Amino acid sequence: MKSISCLELGGCCEETFRGETFEEVANQSQLHAQEMLAIKDQPHMQAMAEMMAIMERGEVDQWMKTKMEMFALLPDED
């Protein structure tokens, strides 16, 4: 099991997501983002706007590759 924070995934807080795979933590991150959007949390709204800009520039594949590589390098927790 590995842990990664919202901040490490491009967000803005220290909320931690845990999982065996990048897909597991990415799903948790998406749910967190939806919760923050629902309450209109401004720092998260800004982080989401930055992610949208990455997508609009066509850089999302490289962004995903970088985050997946970073996750792979994280130590396993006991």
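Nothing here was measured: the structure is a model prediction, and the numbers come from that model.

So, how was this worked out
Residues numbered from 1 in each chain as written. Predicted model: local features only at pLDDT ≥ 70, side-chain atom pairs only at ≥ 80, totals over all residues. Heavy atoms only, no water. Salt bridge = Lys/Arg side-chain N within 4 Å of Asp/Glu carboxyl O. Buried < 20%, exposed > 50% of the residue type's maximum accessible area, 1.4 Å probe, protein only. Axes fitted to C-alpha atoms, helices over the stretch in contact; angles between N-to-C directions. Helix = DSSP H or I, 4+ residues; strand = E, 2+ residues; numbered from the N terminus. Left-handed = near helix turned anticlockwise from the far one by under 90°. Contact = heavy atoms within 4.5 Å. Nonpolar A, V, L, I, M, F, W, Y, C, P; charged D, E, K, R; others polar. Expected span 1.5 Å × (residues − 1). Arc of directions from axis to C-beta. Phe/Tyr/Trp six-rings, centres within 6.5 Å; stacked < 30°, edge-to-face > 60°. Lys NZ or Arg CZ within 6 Å of the ring centre and 35° of its normal.

### A look at the pattern of salt bridges
Where charged atoms from two side chains of opposite charge come close, those side chains can pair.
Logical step 1: A complete count under the given rule lists 2 salt bridges for this structure.
Logical step 2: A salt bridge links Arg57 to Glu59; the shortest N-O distance between them is 3.0 Å.
Logical step 3: The class of Arg57 is exposed, set by a relative accessible area of 51%.
Logical step 4: Two residues, Lys65 and Glu69, come together in a salt bridge whose shortest N-O distance is 3.9 Å.

### Some remarks on the packing of helix H1 (residues 22–38) against helix H3 (residues 60–73)
Logical step 1: Their axes nearest at 10 Å, the elements H1 and H3 cross at an angle of 115°. In this structure, H1 meets H3 at a crossing whose hand is right-handed. Where H1 approaches H3, its residues Phe22, Glu23 and Val25 are matched on the opposing element by Met64, Lys67, Met68 and Phe71.
Logical step 2: Within the contact of H1 with H3, the residues separate by chemical class into 5 nonpolar, no polar and 2 charged.

### Re helix H2 (residues 42–56)
At 3.6 residues per turn, the α-helix brings residues three or four places apart onto the same side.
Logical step 1: Here H2 contains 15 residues, and its C-alpha end-to-end distance of 21 Å stays within 8% of the 21 Å for a straight helix at 1.5 Å per residue.
Logical step 2: Residues His44, Ala47 and Ile54 constitute the buried set of H2. Buried positions in H2, seen along its axis, are confined to an arc of 65° and lie on one side of it. Turned more than 90 degrees from where H2 packs its buried face, Gln42 and Glu56 sit exposed.
Logical step 3: Structurally, H2 contributes buried residues whose contacts are with H1 and H3.

### Some thoughts on H1
Logical step 1: Compared with the 24 Å implied by 1.5 Å per residue over 17 residues, the 24 Å span of H1 between its first and last C-alpha is a close match.
Logical step 2: Tucked inside the fold, the buried residues of H1 contact strand S1 (2–5), strand S2 (16–19), H2 and H3.
Logical step 3: Backbone geometry just downstream of H1 places Lys40 in the positive-phi region, at approximately 55°.

### Details of the packing of aromatic side chains
Given two aromatic rings, one states the distance between the centres and the angle between the planes to describe the pair.
Logical step 1: A complete count under the given rule lists 1 aromatic pair for this structure.
Logical step 2: The ring centre of Phe71 lies 5.4 Å from the NZ or CZ of Lys2, which sits over that ring.

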